[in-house]
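# Notes for the structure review
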Amino acid sequence: MRELRFDGTFAGWRTVARAALGASLPPADVVWRTDDDAQSSLLACADDLVRASAATVAVPRAFFALAADVSCHRDASRWDTLYRALWRITHGERELLQVYVDDDVHRLFAMSKAVRREGHKLRAFVRFRRVEDDEGERYVAWFEPEQDVVEREAPFFARRFPAMRWSILTPRVAAHWDGASVRFLPGVPRACAPEGDALEALWRTYYASTFNPARPKPKMMRSEMPVRYWKYLPEASLIAPLLRDAPGRVRSMIAARGAAIPADLSRAIRADSPVVDAGISGARARSAAARMRSAEFGFPGGSCIDGANVLAGTASWTDPTMTAAGVFYPVDVRSAEGRLAYYASQHSLVEVDATYYAMPSARVAALWAERTPAGFVFDVKAHALMTGHATSVARLPADIREALPGALRGAREVRTRELPSELVNVIWERFLAALEPLRTAGKLGALLLQMPRDFTPSSANEAAIAALRERAGDEVCAVELRHASWVTDAARRERTLDLLRAHDLAFVMVDAPPGFETSMPAMTAVTSERLAMVRMHGRRRETWERPVEVVSERYRYLYDAAELTEWVPRIIDVAQRTQGVHVVMNNCHSNYGTCGVDEITAMLVEADAERRRMYRERRVIVD
């Protein structure tokens, strides 16, 4: 048995692990020891056998990304598990990380998810208090992370609060930002952190004003904001009285409007509205109607799977076939404000596709934020010129039209490649600035970057994808590739996914008519720890690549239960490996999309409950 000592950091372990591989030390013969007094990882390399090894090993990039996460976990066995997996990958099991049922892989992904989730909670639940020190104003927060995530999350706070001097204190380490760099010092006891400041009363007032008594969802609230974090949150003291008073507030609101509580019109409408048309068979329509009548819905807030919020919604709330009387909206809901408010009472996610055709405005984004309840999320599709498409010159803002090169001002359409880079920068900056009201309200989900159908693999296009992240800054972004050549070859597929992982861009998984070059195969992949996205386009083959007068005709497809069921285990799988999943039904003809949202959400809730029940039963048998 050989004891390998290192400094306890990921970089130190990586150096020693490479040397141990070169020395052909099997995992069973290695014991990993951290030594606080070690000079980096050189102590471990002092061993003659390991020091003499300078082998270069080819390891998938995904492993070291996973190992960087796992290194922040506090499980004492993490280094042994990492080395055992590394050994197996380099000794004949190259695809090991894709075998999620393997004990080592399952343990590593579980630790990685715990670290990423703890980092997310640190970002979400840190509350700074204002104090005065020798240099003036400083903002100090206390947190007790279950994993060692302070060092890896400090750059986020430096980017978010660059002009604010802040400190994050924990029992193990303290991070201090002075406006130029972050210093890490030993941890401190809880008594060193401030208890409160004058801003907390204002924050409680704001939190109470955003609480919607008609949609309290305490179970979902506790899932996203576990009780153990409440001690950091000044607003936590309001939760119990707000939940207690919610029914009375709803009755008061209804009485003030002079209206009775309406029946659940949406379920009646969805169950009884006709769905038979030229786009689907009579048998499929009758099956859908039966499912609508028998299904037990009631999950407008989506579902929560292993701590990941899984939200489902449609790619439009204003399609004419959807707004027709009695299809989805109650007959008395006719205004733009009323439709969005009603939609948001039924679902917690919508994708904004109008921004692909015309630049958004901050005024409209502010109205969207005002008309929807807390927790509602907007995914926003990037403008055509942001992703290399052609767009109508007439629909561009006047000042951008005037800034076009002279030869293009009279053109009918213009493409990104025809524009100077300075003008493309302006379009990006203006687009992102217009979303600020959604961002401020916490309602901006993902920026959807849908690439052109003729966007195929090449070095230039890989660079174009990297440039998207640079332009988008810290926004959560999802990239939808639309040419199958990006993933049909195994080596090309891995290169594509590695490219997206390297730039924290979520790979958009799609359901589309199979067999076309412009339809991506159905596959699952997680390339961003922040989000996974699924877009359901329907499977209408005859219109997939054919010009249509109305866009919704291409996606006029009603999914049956079996087709939706195919995606349930895939969604549960990716939910276990990321912080959230967005499922977008792009078949927005009539009520096809909204029915699909309800059905797949109910399926996910049922399947996850069954999965957890079986797990509990196995635990009982083992114990």
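Values in this document were obtained by computation on a predicted structure and should not be read as measured data.

Within the protein, the secondary structure is distributed over 25 helices and 18 strands. For the protein, the residues scored as buried account for 50% of the 623 residues in total. A sequence separation of at least 24 residues applies to 75% of the contacts in the protein between residues at least 6 apart. Here the protein displays about 28800 Å² of accessible surface, and carbon together with sulfur accounts for 55% of that area.

Time to look at the layout of surface pockets. In this structure, the second largest pocket occupies an estimated 1300 Å³ of space. If you go around the second largest pocket, you meet 45 residues; those closest to its centre are Asp353, Tyr356, Tyr357, Lys381 and Val551. At the level of secondary structure, the elements contributing two or more residues to the lining of the second largest pocket comprise strand S10 (349-352), helix H15 (354-357), helix H16 (362-370), strand S12 (390-392), strand S13 (413-415) and helix H22 (551-554). Ranked by the residues each element gives to the lining of the second largest pocket, the list is headed by H15, at four residues. Of the residues belonging to the lining of the second largest pocket, the class tally is 21 nonpolar, ten polar and 14 charged.

On to the confidence of the model for the protein, then. For the protein, per-residue confidence averages 83 on the pLDDT scale, and 81% of positions sit at 70 or higher. Here residues 37-54 is modelled with pLDDT under 50, and outside its nearest four sequence neighbours on either side it reaches 32 contacts, counting other chains as well. Confidence drops under pLDDT 50 across residues 291-297; counting only partners more than four residues distant or on other chains, this segment forms 15 contacts.

The subject of this paragraph is the pairing of strand S2 (residues 30-34). Note: strand S1 (residues 2-6) against S2, five bridges, orientation parallel. Of the residues in S2, the one forming a bridge with Arg2 is Val30. In this view, the connection linking S1 to its parallel neighbour S2 by way of helix H1 (residues 10-22) has right-handed handedness.

On to the packing of aromatic side chains. The relation between two aromatic rings is expressed through the spacing of the ring centres and the mutual angle of the planes. A full pass over the atoms with the stated rule returns 27 aromatic pairs. With centroids separated by 5.7 Å and ring planes inclined at 20°, the aromatic side chains of Trp368 and Phe378 adopt a geometry described as stacked. Of this pair, Trp368 sits in helix H16 while Phe378 sits in strand S11 (residues 377-381), placing them ten residues apart in sequence. Owing to a relative accessible area of 0%, Phe378 belongs among the buried residues under this scheme. Pairing Tyr557 with Tyr559 gives two aromatic rings, centres 5.4 Å apart and planes at 80°, and the pair type is edge-to-face. Comparing Tyr557 with Tyr559, the two get one shared label, buried. Pairwise contacts between aromatic rings join Trp317, Phe328, Tyr329, Tyr342, Tyr343, Trp368, Phe376 and Phe378 into one cluster. A cation sits over an aromatic face here: Arg453 above Trp544, 5.0 Å from the ring centre. Directly above the aromatic system of Trp567 lies the positively charged group of Arg570, at a separation of 4.6 Å from the ring centroid.

Summarising the element assignment, Trp79 is placed in helix H5 (residues 78-89). Looking at Trp79, the relative accessible area reads 4%, which means it is buried. Residues Trp79 and Ala17 lie 62 residues apart in sequence; the distance between their C-alpha atoms is 9.5 Å. Apart from the residues within four sequence positions on either side, Trp79 is in contact with Phe6, Gly8, Thr9, Phe10, Trp13, Trp32, Thr34 and Ser71.

Moving on, we come to the pattern of salt bridges. All chains considered together, the criterion is met by 37 salt bridges. Residues Arg88 and Asp104 are paired through a salt bridge, measuring 3.1 Å at the closest nitrogen-oxygen approach. With Arg88 in helix H5 and Asp104 in helix H6 (residues 103-125), this residue pair connects regions lying 16 residues apart in the sequence. Residues Arg88 and Asp104 agree in their burial class; the two are buried. Salt bridges linked by common partners bring Asp69, Arg116, Arg123, Arg152, Glu153 and Glu529 together as one network.

Tracing the sequence through the fold places His582 in strand S18 (residues 580-585). The exposure class of His582 is buried, given its relative accessible area of 8%. Setting aside its immediate chain neighbours within four residues, His582 contacts Leu311, Leu349, Val377, Asp379, Gly445, Leu531, Ala532, Met533 and Val534.

With that out of the way, let us pick up the nonpolar core. Ranked by internal contacts, the top residues of the largest apolar core, which has 90 residues, are Trp317, Phe378, Leu419, Trp428, Leu447, Phe507 and Ile571. What Phe507 contacts, discounting residues up to four positions off in sequence, is Val479, Val487, Leu497, Leu500, Met520, Met523, Ala525, Thr527 and Met533. Counting 31 residues, the second-largest nonpolar core is a separate cluster that includes Phe63, Leu82, Trp87 and Leu97.

On to the environment of Arg117. Tracing the backbone shows Arg117 in helix H6. Assessed through its relative accessible area of 17%, Arg117 is described here as buried. For Arg117 and Ala308, which are 191 residues apart along the polypeptide, the C-alpha to C-alpha distance reads 8.8 Å.

Two pairing modes exist for strands in a sheet, parallel and antiparallel, and in both the strands are linked by backbone hydrogen bonds. As summarised here, the arrangement of the five strands in space is S3-S4-S5-S6-S7, forming an open sheet in which the pairing is mixed. Taken across any chain shown, the strands that pair with only one partner, and hence form the sheet edges, are strand S3 (129-133) and strand S7 (182-186). Averaged over all pairs of adjacent strands, the angle between strand axes in this sheet comes to 25°, irrespective of strand direction. For strand S4 (residues 136-142) and strand S5 (residues 166-169), the ladder comprises four bridges, and the chain directions are parallel. The residue of S5 that forms the bridge with Val140 is Ser167.

Another point: the packing of helix H4 (residues 61-70) against H5. Two quantities define a packed helix pair, namely the angle between the helix axes and the distance between the axes. Packing of H4 against H5 leaves a shortest axis separation of 11 Å and a crossing angle of 170°. Considering their axes alone, H4 and H5 lie roughly antiparallel with respect to each other. Across the interface between the two elements, Phe63, Ala67 and Val70 of H4 pack against Arg78, Leu82, Ala85, Leu86 and Ile89 of H5.

Time to look at the pairing of strand S15 (residues 477-480). Strand residues, when the strand is regular, have side chains that alternate between the two faces of the sheet. Burial along S15 is two-sided: Cys477 and Val479 facing one way and Ala478 and Glu480 facing the other are all buried. With four bridges connecting them, strand S14 (residues 444-450) and S15 associate as parallel partners. Bridge pairing in S15 places Gln450 opposite Glu480. In the classification by handedness, the crossover that spans S14, the intervening helix H20 (residues 459-472) and the parallel S15 is right-handed. Judged from the three bridges that link them, S15 and strand S16 (residues 505-511) form a sheet pairing that is parallel. Each bridged residue has a counterpart across the sheet, and for Ala478 the counterpart in S16 is Ala506. For the crossover that starts at S15, traverses helix H21 (residues 490-502) and ends in the parallel S16, the hand is right-handed.

Procedures and definitions
- Residues numbered from 1 in each chain as written.
- Predicted model: local features only at pLDDT ≥ 70, side-chain atom pairs only at ≥ 80, totals over all residues.
- Heavy atoms only, no water.
- Helix = DSSP H or I, 4+ residues; strand = E, 2+ residues; numbered from the N terminus.
- Buried < 20%, exposed > 50% of the residue type's maximum accessible area, 1.4 Å probe, protein only.
- Contact = heavy atoms within 4.5 Å.
- Areas by Shrake-Rupley, 256 points an atom, 1.4 Å probe, with all protein chains shown as cover.
- 1 Å grid on protein atoms, 1.4 Å probe; cavity = no way out; pocket = protein on both sides within 12 Å on 5 of 7 lines; lining within 4 Å.
- Points joined across faces, edges and corners; volume = space filled by probe spheres on them.
- Nonpolar A, V, L, I, M, F, W, Y, C, P; charged D, E, K, R; others polar.
- pLDDT = per-residue confidence, 0-100.
- Pairing = 2+ DSSP bridges.
- Right-handed = clockwise from strand over helix to strand, strands pointing away.
- Phe/Tyr/Trp six-rings, centres within 6.5 Å; stacked < 30°, edge-to-face > 60°.
- Lys NZ or Arg CZ within 6 Å of the ring centre and 35° of its normal.
- Salt bridge = Lys/Arg side-chain N within 4 Å of Asp/Glu carboxyl O.
- Core = buried A, V, L, I, M, F, W, Y, C linked by side-chain atoms within 4.5 Å.
- Axes fitted to C-alpha atoms, helices over the stretch in contact; angles between N-to-C directions.
- Parallel < 35°, antiparallel > 145°, perpendicular 65-115°, else oblique.

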